[in-house]
Amino acid sequence: MLELILKALAYSSGIALGAAGITIIYMATGTFNFAHASLVAWGFYIVFSLYSILGGSPYYYIPLAALFSGFLGVLIYVTVNRRLLKARATMVTLMMSTLGIDLILFAFINIYADYLTEHYKLSAARYFVLELKDYVLGYVGETPIKAICIVAPIVMLAVTLSIHAFLKKSKFGIAMRAAIENPSLASVLGINPEVVYLTAWFMGGALAGLAGGTLSLVISGHPAVGMETIVTFFSGAIVGGLYSVFGSLLGGLLIGLSEYIGIYSLSMAFGGGVLVYRPMIPLLIMAITLLIYPRGLAGINWGRIKAFLTSIASRGGR
């Protein structure tokens, strides 16, 4: 049971990072970035290919995966999204454009996998399990404690604190928030929205690559891995609230934990055949959340809830 909980925590930490990437891009440009799927998959492949070719530890290459996907995010914005924003394209047009980009990036992932197979003789390029290359830090009883189960939550926490400090403390972060909330007013105040949008796409892409690099040590990798997990990433972002980066991190964490532990519990009760219904878990949670709180967890008045619970506790103390 301990191993299940640790792996669920590592998995949900990766989902939280990817969900935050979706939210940052949506907040800045109003774009549902379906190319997020391939940006995550590229994170997998950067870690796998560099580790397989250069050796060392897979952890060395996770930052490079984030930088590479961040660069792809910038490339998507400069070549496609910026032009559509200037043309005042609708949200549907922006969304469909990223779907087309995702298919192009997916094709390049397949080409890259074939290149690794032909040129470097990596027979596992189309299906790899880097989890087997992870370090075992120790044992609790007979349960091995894998390094990713510790590293992934720490990375998620570090990213949360870094984003908070960036958006709340730095001058550029404050300017970025102002440009996102009111681009016209920000322009009058001398803030360049173009730089803000570019930064948002880099951050969103980098978080996708970071999520992919982290998850490569938790689940198996293959060209379509981004497409298989995109539902979970979007569910985490929507459940957390599309107007709050911190809400999306929390939403991604909750969705990841629910999916991983939920499908394990169902498979134990009804057999392995239920594994094909795994995507239904995040979709059901998303639907229920939207019915109760349309703005997601970030839209909940936590101050009112805290005051209510405090009043109940004070009455109970009397």
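What counts and what doesn't
Residues numbered from 1 in each chain as written. Predicted model: local features only at pLDDT ≥ 70, side-chain atom pairs only at ≥ 80, totals over all residues. Heavy atoms only, no water. Helix = DSSP H or I, 4+ residues; strand = E, 2+ residues; numbered from the N terminus. Rg over C-alpha atoms; globule rule 2.2 N^0.38 Å. Buried < 20%, exposed > 50% of the residue type's maximum accessible area, 1.4 Å probe, protein only. Contact = heavy atoms within 4.5 Å. Areas by Shrake-Rupley, 256 points an atom, 1.4 Å probe, with all protein chains shown as cover. Salt bridge = Lys/Arg side-chain N within 4 Å of Asp/Glu carboxyl O. pLDDT = per-residue confidence, 0-100. Core = buried A, V, L, I, M, F, W, Y, C linked by side-chain atoms within 4.5 Å. Expected span 1.5 Å × (residues − 1). Polar contact = N/O pair within 3.5 Å; in protein donor to acceptor, adjacent residues only side chain to side chain.

Engineer: Would you mind showing me how to read the overall build of the protein here?
Structural biologist: What the protein contains, in helices and strands, is 12 helices and two strands. For the protein, the α and β elements follow one another from N to C terminus as α-α-α-α-β-β-α-α-α-α-α-α-α-α. Against the 2.2 N^0.38 benchmark of 20 Å for 318 residues, the protein shows a C-alpha radius of gyration of 20 Å, consistent with a compact globule. Burial analysis of the protein (318 residues in total) assigns 48% to the buried set. The contacts in the protein between residues at least 6 apart in sequence include a share of 74% that link residues at least 24 apart. Summed over all atoms, the accessible surface of the protein reaches about 15500 Å², with 69% contributed by carbon and sulfur.

Engineer: Would you mind showing me how to read the pattern of salt bridges here?
Structural biologist: Pairing between side chains of opposite charge can happen when their charged atoms approach one another. By the definition in use, this model includes four salt bridges. In this structure, Glu-194 engages Arg-82 in a salt bridge whose closest nitrogen and oxygen atoms are separated by 2.8 Å. On the criterion of sequence distance, the pair formed by Glu-194 in helix 8 (residues 193-215) and Arg-82 in helix 3 (residues 62-86) is long-range, its members being 112 residues apart. Under the relative-accessibility criterion, Glu-194 is labelled partly exposed at 22%. We classify Arg-82 as partly exposed; its relative accessible area is 25%. Where Arg-278 meets Glu-259, a salt bridge forms, and the shortest distance between an N and an O atom there is 2.7 Å. Of this pair, Arg-278 sits in the loop between helix 10 (245-270) and helix 11 (280-292) while Glu-259 sits in helix 10, and the two are 19 residues apart along the sequence. With relative accessibility at 22%, the residue Arg-278 sits in the partly exposed group.

Engineer: Got a minute to help me understand the confidence of the model for the protein in this structure?
Structural biologist: When pLDDT drops low, the exact placement of atoms in the prediction is not to be read closely. Looking at the protein, the pLDDT average stands at 89 and 94% of residues meet or exceed 70. Averaged pLDDT values for the elements of the protein fall to 66 in helix 12 (residues 302-317) and rise to 97 in helix 2 (residues 36-54).

Engineer: For this particular structure, what's the right way to read the nonpolar core?
Structural biologist: Generally speaking, a soluble globular protein has its nonpolar side chains buried in company with each other. Counting residues in each nonpolar core, the largest one holds 89 residues, and the members touching the most others are Phe-44, Tyr-45, Phe-48 and Leu-207. Here the element with the most residues in this core is helix 1 (residues 2-29); it accounts for 15 residues. For Tyr-45, the contacting residues outside a window of four places in its chain are Ile-109, Tyr-112, Ala-113, Leu-116, Ala-125, Arg-126, Phe-128, His-222 and Pro-223.

Engineer: Is there a simple way to explain the side chain of His-222 in this structure?
Structural biologist: Take His-222: it is sitting in the loop between helix 8 and helix 9 (225-240). When neighbours within four sequence positions are excluded, His-222 is seen to be in contact with Tyr-45, Arg-126, Tyr-127, Phe-128 and Glu-228.

Engineer: Sorry, what's going on with helix 8 here?
Structural biologist: The α-helix winds at 3.6 residues per turn, so residues separated by three or four positions along the chain end up facing the same way. Along its 23 residues, helix 8 runs 33 Å from first to last C-alpha, staying within 8% of the 33 Å computed at 1.5 Å per residue. For helix 8, a buried count of 19 out of 23 residues is recorded, marking the element as mostly surrounded by other parts of the structure. N-capping of helix 8 is provided by Asn-192, with a side-chain oxygen placed 3.0 Å from the backbone N of Glu-194.

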